[in-house]
Every structure is written in C-alpha cells, then in structure tokens.
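Below are the chains, spelled out letter by letter.
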Amino acid sequence: EVVENTSFYKDFALPTITHAKVTGCKFLQWSPTDPHNGHNFCTGKHPADNSAADFAPLSTLCPEECGCRDRDRYDEKICAKSCKPCQDANDNFMFQTFQKSSCSAARCQGDCEAFPDIALKYCPKTCGLGTGVDAEEVDIPPSVGFRSCFESDCSTKDGEKYCPATCGVCTVAPSQCTQA
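Draft legend 1. The overall build of the protein, seen in detail. Along the backbone of the protein there are nine helices and zero strands. The order of α-helices and β-strands along the protein, N terminus first, is α-α-α-α-α-α-α-α-α. Looking at the protein as a whole, 34% of its 180 residues qualify as buried. The long-range fraction of contacts in the protein, counting pairs at least 24 apart against all pairs at least 6 apart in sequence, stands at 36%. If you sum the accessible surface of the protein, you get close to 10800 Å²; carbon and sulfur atoms cover 53% of it.

Okay, structure coming up:
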C-alpha cells in the first residue's frame, strides 16, 4: 500500500507535517516525539532504549526549541558547539540574579529563607538545608585563590579558565548559535 493512502498518514502524519511547515520549529512544543515510533525529534533517539531514529536530530535546525540555548538543558551530544552558553564555572542563578559573591553573603542577606529552592540547589551547606556541597566550592578549586567570579583576577589564566564570561574570554551569546 502507498504510504500516502494509509490512515496513519492521512489522519496524523499529514496534519503533523503541515503543522510543522506552517509553524516551523514551534511545532516541537506541540509534538516533541514521532507518534509512529516514539523517537524524540530533537535528539533523534527513542527515550526508552536510546535507539536511533530514521531521521537526523532536529536540534541543529531548531536549537531554541530543543534546549540548545538554555544553560540547564544544553546537551553537547545534540547541540551545535556554537550554541553552548558562555558561562562562568560558578555562573548560577544565586550568583547572577542576586549578585552575591558567596553563599555566605546570600545567607546573611536572607536569601536562604526567601528562596529555599534556589538555596537548596546552590548553597545547601551554608544555608543548612542538607548535606550537599555549595556550588561555589565545587566549581572553582580552592587552589586558584578566589571562590567566585566576582572575586576573580581576569589577568590570570585561572581567571580566564574558570570565569570566561566575566573575563570576556567567550562572547558568543546563545541567541547567536548557528542554525542550519
């Protein structure tokens, strides 16, 4: 039987293809997986068994919808290198949003209580919210002489290595990542 004559093609594939043509990459928000075989359009793989699909991942065509411009969702296996967010080693929500130089500063200014979810993620030890390690202790080794990028010396190799965004070493914004 000709594929175009099947009920699957007429009832689902054709409307999906038409919707994708009309809306472009935004269609991935409506239909992130191939309904026929369950493969993720962005990764080109099936989530259960990681098997390859019959199509190339759409992450290069649709980097925003596939999370390639998002620091927390960026996946080097599917995203173009030009999409990798320019970020410091300890560039996280606690530091960038509240402009705190350390978890201690965040605690002193009441951020542990005001923003417990963020504090648990980035400063559990200092905020007394668990046995985890604070983000600032993990990302930058104590041997470099500074604990956060707000304290870094950009004229040193360590400053450039651990704080490329602060030091201006990387300048490509995620919004400028290459789309095919």
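Structure's up, so let's keep going.
Draft legend 2. Main features of the nonpolar core. One finds Leu 28 and Cys 66 to be the most contacted residues of the largest nonpolar core, which totals 13 residues. With residues near it in sequence (within four places) discarded, Cys 66 still touches Leu 28, Cys 42, Leu 58, Ser 59 and Arg 73.

Draft legend 3. View of the state of the cysteines. Inspection of the entire model under this criterion finds four disulfides. Note that Cys 42 is cross-linked by a disulfide to Cys 66, the S-S spacing being 2.0 Å. Residues Cys 42 and Cys 66 are joined by a disulfide whose S-S torsion is about -80 degrees; by sign, that bridge is left-handed. Taken together, the positions of Cys 42 in the loop between α2 (27-30) and α3 (93-98) and Cys 66 in the loop between α2 and α3 put the pair 24 residues apart, joining distant regions of the chain. Note on accessibility: Cys 42 and Cys 66 belong to one class, buried.

Draft legend 4. Molecular detail of the environment of Ser 31. With respect to the element layout, Ser 31 can be found in the loop between α2 and α3. Of the residues examined, Ser 31 reaches a relative accessible area of 7% and is grouped as buried. Between the alpha carbons of Ser 31 and Ala 20 there is a distance of 9.2 Å; along the sequence they are eleven residues apart.

Draft legend 5. Molecular detail of the side chain of Asp 34. Relative to the elements of secondary structure, Asp 34 occurs in the loop between α2 and α3. One buried charge, Asp 34, has no salt-bridge partner; the nearest side chain with opposite charge is Lys 45, at 14 Å. Contacts of Asp 34, omitting those with residues within four sequence positions, involve His 39, Phe 41 and Phe 55.

Thresholds applied
- Residues numbered from 1 in each chain as written.
- Predicted model: local features only at pLDDT ≥ 70, side-chain atom pairs only at ≥ 80, totals over all residues.
- Heavy atoms only, no water.
- Helix = DSSP H or I, 4+ residues; strand = E, 2+ residues; numbered from the N terminus.
- Buried < 20%, exposed > 50% of the residue type's maximum accessible area, 1.4 Å probe, protein only.
- Contact = heavy atoms within 4.5 Å.
- Areas by Shrake-Rupley, 256 points an atom, 1.4 Å probe, with all protein chains shown as cover.
- Core = buried A, V, L, I, M, F, W, Y, C linked by side-chain atoms within 4.5 Å.
- Disulfide = S-S within 2.5 Å.
- Lys, Arg positive; Asp, Glu negative; His and termini not counted.
- Salt bridge = Lys/Arg side-chain N within 4 Å of Asp/Glu carboxyl O.

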